[in-house]
Amino acid sequence: MRIRFALAAGAAAGTLAVVIAAPAQAAEYSSALKIKGVQYDAPGRDSNNCATGNSKSEYLTIRNYSRTAKVNLKGYVVKDATGNRFTFPSNHYLEPGDYVKLRGGHGTDSDAKNVVYRQNCNFIWNNDKDTIYLYKPSGAHADTHAYTESRDDRDGNGYITFHG
């Protein structure tokens, strides 16, 4: 009621009021899969050396928030703001309430251990700020979140939670 009155009063006074509903990273998309959190800054000194680096310690957690639907990750796409991307290449099923950690580095994907590796030792997430996009195989948005280290990582541990 107050917003409607304020807009009407502003229009009557000859001014234009702009109302912003929510930032882009807070948009909710119709998807069972959501980004639960991101370890955007791997512990230790960043090194993308495949043999001795720590890119496996950088990961994105994706959770199936459905109460009833099992979701196959095959064809889902994860991207960052600059266009780095990963497409889930094979079947990986998430039961309702289940999650997967998409890790950097090389390794063996495992349903039992809830892990998929990008098979790439380069870091995907920036340590200062980035935007994470999750797309369905159809190309439709599943979830999007932007973060900045200073705003979102209050405890400084390199991990940010988006959906509880």
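Below or above, wherever it landed, is the structure these notes cover.

What counts and how
- Residues numbered from 1 in each chain as written.
- Predicted model: local features only at pLDDT ≥ 70, side-chain atom pairs only at ≥ 80, totals over all residues.
- Heavy atoms only, no water.
- Buried < 20%, exposed > 50% of the residue type's maximum accessible area, 1.4 Å probe, protein only.
- Helix = DSSP H or I, 4+ residues; strand = E, 2+ residues; numbered from the N terminus.
- Pairing = 2+ DSSP bridges.
- Salt bridge = Lys/Arg side-chain N within 4 Å of Asp/Glu carboxyl O.
- Disulfide = S-S within 2.5 Å.

### Some remarks on the pairing of strand β2 (residues 59-64)
Consecutive side chains of a regular strand alternate in pointing toward one face of the sheet and then the other. The element β2 is largely enclosed, with a buried count of five among its six residues. Relative to β2, strand β1 (residues 33-39) runs antiparallel, the two being bridged by six bridges. Paired with Gly37 across the two strands is Thr61, which belongs to β2. Here β2 pairs with strand β7 (residues 99-103) via five bridges, running antiparallel. When the bridges of β7 are listed, Tyr59 appears paired with Arg103.

### Section: the pattern of salt bridges
Between side chains of opposite charge, a pair can form as their charged atoms come close. Scanning all chains against the criterion turns up three salt bridges. A salt bridge links Arg118 to Glu58, with the nearest nitrogen and oxygen atoms 4.0 Å apart. Taken as a pair, Arg118 in the loop between β8 (115-117) and β9 (129-135) and Glu58 in the loop between β1 and β2 lie far apart in primary sequence, 60 residues in all. Given a relative accessible area of 2%, Glu58 falls into the buried group. Between Asp152 and Arg151 there is a salt bridge, with the nearest N and O atoms lying 2.8 Å from each other.

### Concerning the state of the cysteines
Tallying each qualifying case throughout the model produces one disulfide. Disulfide partner of Cys50: Cys121, at an S-S distance of 2.0 Å. The sign of the 120° torsion about the S-S bond sets the Cys50-Cys121 disulfide as right-handed. Residue Cys50 is found in the loop between β1 and β2, and its partner Cys121 is found in the loop between β8 and β9; the two are separated by 71 residues along the sequence. By relative accessible area, which is 53% here, Cys50 ends up exposed.

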